[in-house]
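# A look at the structure
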Amino acid sequence: MLMGNFLKNRKSVRDFKKKKMDDRTKTEVLEIFKDLEMEVDNKYFNFILFEEGEKIYNVLNGLAGYSGVMIESPCYIGVRLKEVNDKSIITASYYTEKLMTLLTHRNLGTCWVNIKDVDRGVKVKVLGEENKNIGYLVALGYPKAKNPFVQEPTSSRYGVSDIVFKDKIGNSINAGELEKRGLEDLFYYIRFAPSNYNLQPWRFIIKDDKILLLLKYSEEGKTDLMDAGIIMYYFKELGKVIGIKSEWQLLEKEDIECGDSRYRVIAEIKL
Ligand SMILES: Cc1cc2nc3c(=O)[nH]c(=O)nc-3n(C[C@H](O)[C@H](O)[C@H](O)COP(=O)(O)O)c2cc1C
């Protein structure tokens, strides 16, 4: 499973060389932006390349990222929504993760950076008036070489049984049934998807011939639809290998409660 191995080995890159992209690579990257925007008829988002990495880092350090820890990189990609609604957010994050995958294949490293809480005035100053509502950047550049003798820290992941259920949330599904349905590898690998704060909020309910995607509310009572788009992208890619051709359908349904936890219903896909 090519995509499976890719996912298992992918990692957010937070340590970049100072080196900028050469003109050929930059042209290729801009072409990928256009191709991905066009895949959804230019309706939902634009990718913007910010090349003044140093300036952006200096202004956003202390304000953006987790607890103000900005990722330093030679350039950044802005994910600008055309309209703020659930469909746009999910589509933009789906295609941003696709973009990050394509960039990794070109030996570039990437990391999502949350700038939702940065003051709009600051964003105007550093990204421009038209980009003041951007909520996420992607740090982009060439990863620094790793020391092969040093074990890199890895982010932990839930087990398949923590995120996949049968018929209703909390009702475990056995490995034999997942295997019979050909879904064992897909759910093994999909756990390596990135998520905000590595919260891994995705939950899947397998019911008859459908899979329902839910997001678990955080302790602060929040969900982030960016996490939904990302996992839907990897599900589609891993699903292709086992012949799942259908598309995700977004749903508007009541939240589901189970014990102390609450879940937001996001979408379903037919097997
Ligand atoms: C929507 C989103 C926002 C993120 N924001 C940040 C961020 O602001 N700073 C950061 O260091 N990492 C950020 N990350 C990266 C996650 O922390 C990372 O994906 C997760 O810890 C798993 O690690 P891995 O990507 O190396 O597998 C973000 C990831 C996602 C999906």
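This text gives an overview of the structure that appears in the document. Keep in mind that this is a model prediction, so the values were computed, not measured.

### Regarding the side chain of Thr25
Following the sequence through the fold, Thr25 ends up in helix α2 (residues 23-39). A distance of 2.6 Å separates the side chain of Thr25 from the side chain of Asp22, its partner in a polar contact. Beyond its immediate chain neighbours, meaning those up to four positions away, Thr25 contacts Leu108 and Tyr142.

### As for the site of the ligand
Close to the ligand lie 20 residues; Arg10, Ser12, Arg14, Tyr66 and Arg157 are nearest. Residue Asn114 places a main-chain N or O atom 2.9 Å away from an oxygen atom belonging to the ligand. Between the ligand and Arg157 there is a distance of 2.8 Å, counted from an oxygen atom to a side-chain nitrogen or oxygen. Coverage of the ligand by the protein chains reaches 95% of its 620 Å² of free accessible surface. Counting atoms within 2 Å of the grid points, the majority share of the ligand lands in the largest pocket.

### A word on unusual backbone geometry
Unusually for a residue other than glycine, Asn107 sits at a positive phi of about 65°. With respect to the helices and strands, the residue Asn107 is situated in the loop between α4 (86-104) and β3 (109-114). Notably, Asn198 is not glycine yet its phi reads approximately 50°, a positive angle. The class of Asn198 is partly exposed, set by a relative accessible area of 22%.

### Quick notes on the nonpolar core
With 62 residues, the main nonpolar core has Phe187, Phe204 and Phe235 as its most contacted residues. A total of ten residues in this core trace back to one element, the largest contributor, which is helix α9 (residues 225-241). Of the residues that make up this core, three or more belong to each of domain 1 (2-141) and domain 2 (160-270). Contacts of Phe204, omitting those with residues within four sequence positions, involve Ile163, Val164, Phe165, Phe187, Ile190, Ile211, Leu212, Leu213, Ile231 and Phe235. Of all hydrophobic cores here, the second largest spans 20 residues; its members include Val13, Tyr57, Leu60 and Leu137.

Cut-offs applied
Residues numbered from 1 in each chain as written. Predicted model: local features only at pLDDT ≥ 70, side-chain atom pairs only at ≥ 80, totals over all residues. Heavy atoms only, no water. Helix = DSSP H or I, 4+ residues; strand = E, 2+ residues; numbered from the N terminus. Polar contact = N/O pair within 3.5 Å; in protein donor to acceptor, adjacent residues only side chain to side chain. Contact = heavy atoms within 4.5 Å. Near = heavy atom within 4 Å. Areas by Shrake-Rupley, 256 points an atom, 1.4 Å probe, with all protein chains shown as cover. 1 Å grid on protein atoms, 1.4 Å probe; cavity = no way out; pocket = protein on both sides within 12 Å on 5 of 7 lines; lining within 4 Å. Sits in = over half its atoms within 2 Å of the grid points. Buried < 20%, exposed > 50% of the residue type's maximum accessible area, 1.4 Å probe, protein only. Core = buried A, V, L, I, M, F, W, Y, C linked by side-chain atoms within 4.5 Å. Domains from an automatic or database assignment.

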